[in-house]
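# A look at the structure
Residues per chain, in single letters:
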Amino acid sequence: MKLSPIPSDAASVRAIFPESLACLALGCTIFDTSSSPEAKVYRIDRCRDVTGNGDGFGNATAFGDGRRIFLKTARPGRLRHEAVMTRFFHDRGLAAEVLMHETLPTPDNDADDGFSQRDWLITSEVKGKDCTHEMYLSDPKRLCQTLAATLHLLKGMAIDDFPILKHDNPLPLSWRNCSRALNTLADNGDFVNDDSLCINTDAHYYTDRFGNASIPEIAKVFQKHRHELSSDTIIHGDYCLPNIILDDWKLSGFVDMDSTCLADQHVDVFWALWTLQFNLGTHEFDDRFLDAYGREFINEDALRAVAAAEVFG
């Protein structure tokens, strides 16, 4: 986790947080831990437990009790799905506690009145360290075993009471994007690499594992194998090392559950392979992970379809 210190004086806090949340951060240790341009994430250590004290911020909320908390903010409505999924997993001991989810007026220098509406999600800390910690990266063989075992835990979760939200599976959207690309190519009558189709695509998600291929070729792979994909498994959706928290090698929980949904298990298999290669800098441990997960559970055509889908996602 990358930690960028943020000043916690009154002026700095007022420039970032909604007025109703600023009391939690004033005078505390604050870090920006964001990893995506779509959302900002702040970690507040020793969150304040205050009552009205004349500092102009009013009372802290009930969870300002000295613990470490995380505040995530994004455009309105963007964090609703993550809040629902985090609560679902927390109830099963596999995620942080959701302390608050609200849409609040937030300081915004680009807005006419200086404020814009943004979602805010506040969660507790999941005990342990994420899998990018040196303790785990220094033992990649054991890490592969742990990732495989944890993925089987997800795969085995009952779906009877899973909260299904509208349009939460990203694969249909990927297919729509792919289908438009195929239609454009068909209209042109020529399956050559057209740069205009590459604006919202990233071929490396496919080529890093399956070798060189053009965008049209990848689209045809998705078209051929998309029917291999099912929607009968709870997936994390972004099954990457920073989102898996271990406490001395024991699973403590998951974070960043904005992509969690019912989809095909190969989505998480794909991201497990991707994150191992990205963080270890090699494909050397791909086979070890697949062996640990169980080759009998892997449909290579489905894995190709997921890789192709990510290109258009």
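Refer to the preceding data block for the structure.
Residues numbered from 1 in each chain as written. Predicted model: local features only at pLDDT ≥ 70, side-chain atom pairs only at ≥ 80, totals over all residues. Heavy atoms only, no water.

What follows concerns the sheet that holds strand 2 (residues 29-32). Strands pair in a sheet through their backbones, by hydrogen bonds, and they do so in one of two ways: parallel or antiparallel. Across the sheet, which stays open at both edges, the six strands sit in the order 1-2-3-4-6-5 with antiparallel pairing between neighbours. Where the open sheet ends on each side, the last strands, each with one partner, are strand 1 (4-6) and strand 5 (98-107). Across the sheet, the mean angle separating the axes of adjacent strands is 30° when strand polarity is ignored. Here strand 3 (residues 40-45) runs beside strand 4 (residues 69-74); their pairing, made up of five bridges, is antiparallel. Bridge pairing in strand 4 places Arg43 opposite Phe70. (Pairing = 2+ DSSP bridges. Helix = DSSP H or I, 4+ residues; strand = E, 2+ residues; numbered from the N terminus. Axes fitted to C-alpha atoms, helices over the stretch in contact; angles between N-to-C directions.)

The next thing to look at is the packing of aromatic side chains. All chains considered together, the criterion is met by 15 aromatic pairs. Both rings, one in Trp175 and one in Phe222, keep their centres 5.5 Å apart while their planes meet at 85°; by these two values the pair is edge-to-face. You can see Trp175 sitting in helix 6 (residues 171-188) and its partner Phe222 sitting in helix 8 (residues 215-225), a full 47 residues away along the chain. Of the residues examined, Phe222 reaches a relative accessible area of 2% and is grouped as buried. (Phe/Tyr/Trp six-rings, centres within 6.5 Å; stacked < 30°, edge-to-face > 60°. Buried < 20%, exposed > 50% of the residue type's maximum accessible area, 1.4 Å probe, protein only.)

Counting through the fold element by element, Asp264 comes out in the loop between strand 11 (261-263) and helix 9 (265-280). Look at Asp264: it is buried, it has no salt bridge, and the nearest opposite charge is Lys155 at 9.8 Å. Within the structure, Asp264 has its side chain in polar contact with the backbone nitrogen of Ser230 (distance 2.8 Å). Beyond its immediate stretch of four places on either side in the chain, Asp264 contacts Glu228, Leu229, Ser230, Ser231 and Ile235. (Lys, Arg positive; Asp, Glu negative; His and termini not counted. Salt bridge = Lys/Arg side-chain N within 4 Å of Asp/Glu carboxyl O. Polar contact = N/O pair within 3.5 Å; in protein donor to acceptor, adjacent residues only side chain to side chain. Contact = heavy atoms within 4.5 Å.)

Further remarks concern helix 10 (residues 286-293). Listed in full, the buried residues belonging to helix 10 are Asp286, Phe289, Leu290 and Tyr293. Buried residues in helix 10, looked at end-on, bunch into an arc of 95°, giving them a common side. Among the structural elements, helix 5 (140-155), helix 7 (204-210) and helix 9 are those in contact with the buried residues of helix 10. Trailing helix 10 by a residue or two, Gly294 shows a phi angle of about 110°, which is positive. (Arc of directions from axis to C-beta.)

What follows covers the environment of Leu154. Within the fold, Leu154 resides in helix 5. Sequence separation between Leu154 and Gln265 is 111 residues; the distance between their C-alpha atoms is 8.9 Å.

Next up on the list: the pattern of salt bridges. Overall, the coordinates contain 13 salt bridges when judged by the stated rule. Among the ionic pairs, Asp45 bridges to Arg43, the shortest N-O distance being 2.9 Å. On the basis of relative accessibility, which here comes to 10%, the residue Arg43 falls in the buried class. Put simply, Asp256 and Lys72 hold a salt bridge, and the shortest N to O gap is 3.5 Å. Of this pair, Asp256 sits in the loop between strand 10 (250-254) and strand 11 while Lys72 is found in strand 4, placing the two residues 184 residues apart along the sequence. Members of the salt-bridge network, linked through shared partners, are Arg43, Asp45, Arg68 and Glu125.

A word on the sheet that holds strand 10. Taken in spatial order, the three strands of this open sheet run 7-9-10, and their pairing is antiparallel. If you trace the sheet from one side to the other, it starts and ends with strand 7 (129-130) and strand 10, each paired once. Most of the contacts of helix 5 go to strand 10, to which it runs at about 55°, and overall it touches strand 9 (244-247) and strand 10.

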